[in-house]
Structures are given as C-alpha cells and as structure tokens.
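A closer look at the structure
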Amino acid sequence: MHEASIALSLIDVAREVLREHGAARARAVTVRVGQWSSVVPEALEAAFPACAEGTPLEGAHLSIVRVPGVGECPNHGPVELDVTRGLRCPLCDAPTPTLLQGDELELDELELT
Ligand SMILES: [Zn+2]
C-alpha cells in the first residue's frame, strides 16, 4: 500500500507537469528512486498501472532509475555507500551521517504524447 500511495503522488506531480505543458497524456514516465529511500522499485512498478488507470498516465510506461547512496566521508570525500553496512564509509568505516544522494524519490522525465 505504501508504494500505491507513492505512485498516486507521482501521478499527481505528473498531471501538474502535463497541465503546464498543455499536454493531454504522457506516453512514458521516468522516476528516480534512491537506494536509501524506503521505496521498493519492483513494488512501485507493480502498483503503477492500476494507480494510473483513468488518469492521463494510463498505459504510460514507467521506468525507474535507481540512484545509489553516496555519503560524505571525512577521509575520502564522497563515497558510494553499501546499504548493508549503513551510513559508514566502505573504505575506512568512518561514519558518514550526511547522505549526498540516494534518498530521492522524484519525477525525472515525462514523455508527452
Ligand atoms: Zn573513508
């Protein structure tokens, strides 16, 4: 159900973009999902078609771009994090409390018809 409500809010954002462009429908939508966001891409893909039914996004193809987590290590600068290790530098194990990317959930592209 979590992913269904996320799909619905993405559809809301997309409808707003369509309105701004005076477009009736979208053919494809690309969404960026961070590896550290709480969203399961497969579940979002599964929930999307039913949520899009009856909206301008009905039948649109959903693509998900997975964004890896990147933290700021005091010794190494930006490092790609390993989800299973938590917010720690994979090289020196220093805590990297700041997530530079990887928690996003956003509309990336909308292909209008
Ligand atoms: Zn480090």
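Quick note: structure is the one above.
Residues numbered from 1 in each chain as written. Predicted model: local features only at pLDDT ≥ 70, side-chain atom pairs only at ≥ 80, totals over all residues. Heavy atoms only, no water.

As for the coordination of the zinc ion
- The protein atoms that coordinate the zinc ion are Cys73 (SG), His76 (ND1), Cys89 (SG) and Cys92 (SG), at distances spanning 1.9 to 2.3 Å.
- Every donor counted, the four donor atoms about the zinc ion form angles of 102 to 114 degrees at the centre, which fits tetrahedral coordination.
- Counting gaps between the donor residues of the zinc ion yields the pattern C-x2-H-x12-C-x2-C.
- A relative accessible area of 2% places Cys73 in the buried class. (Donors = N, O, S within 2.8 Å, 3.2 Å for Na, K, Ca; no water. Tetrahedral: all angles 85-135°; square planar, octahedral: opposite > 155°, others 65-115°. Buried < 20%, exposed > 50% of the residue type's maximum accessible area, 1.4 Å probe, protein only.)

Things to note about unusual backbone geometry
- Unusually for a residue other than glycine, Asp93 sits at a positive phi of about 70 degrees.
- The topology assignment puts Asp93 in the loop between strand E4 (77–80) and strand E5 (99–101).
- Exposure remark for Asp93: the relative accessible area of 39% places this residue in the partly exposed category. (Helix = DSSP H or I, 4+ residues; strand = E, 2+ residues; numbered from the N terminus.)

A look at the nonpolar core
- With 23 residues, the main nonpolar core has Val29, Leu44, Phe48, Leu57 and Leu62 as its most contacted residues.
- Counting only elements with at least two residues in this core, the list comes to helix H1 (2–21), strand E1 (26–34), helix H2 (41–52) and strand E2 (61–67).
- Broken down by element, the residue count for this core peaks at seven residues, all from H1.
- Sequence-distant contacts of Val29, defined by excluding residues within four places in its chain, comprise Phe48, Leu57, His61, Leu62, Ser63, Leu107, Glu109 and Leu110.
- Membership of the second largest hydrophobic core comes to five residues, among which are Cys73, Val79, Leu81 and Cys89. (Core = buried A, V, L, I, M, F, W, Y, C linked by side-chain atoms within 4.5 Å. Contact = heavy atoms within 4.5 Å.)

Concerning the environment of Arg19
- Among the structural elements, Arg19 can be located in helix H1.
- At 2.7 Å, the side chain of Arg19 and the side chain of Glu16 are in polar contact. (Polar contact = N/O pair within 3.5 Å; in protein donor to acceptor, adjacent residues only side chain to side chain.)

Some words on the pairing of strand E3 (residues 70–73)
- Of the strand pairs in this sheet, E3 and E4 are connected by four bridges, and their pairing is antiparallel. In the sheet register, Gly71 faces E4, and the bridge partner there is Val79.
- As defined by bridge partners, E3 adjoins E5 across two bridges and the pair is classed as antiparallel. Across the sheet, Val70 pairs through a bridge with Gln101, a residue of E5. (Pairing = 2+ DSSP bridges.)

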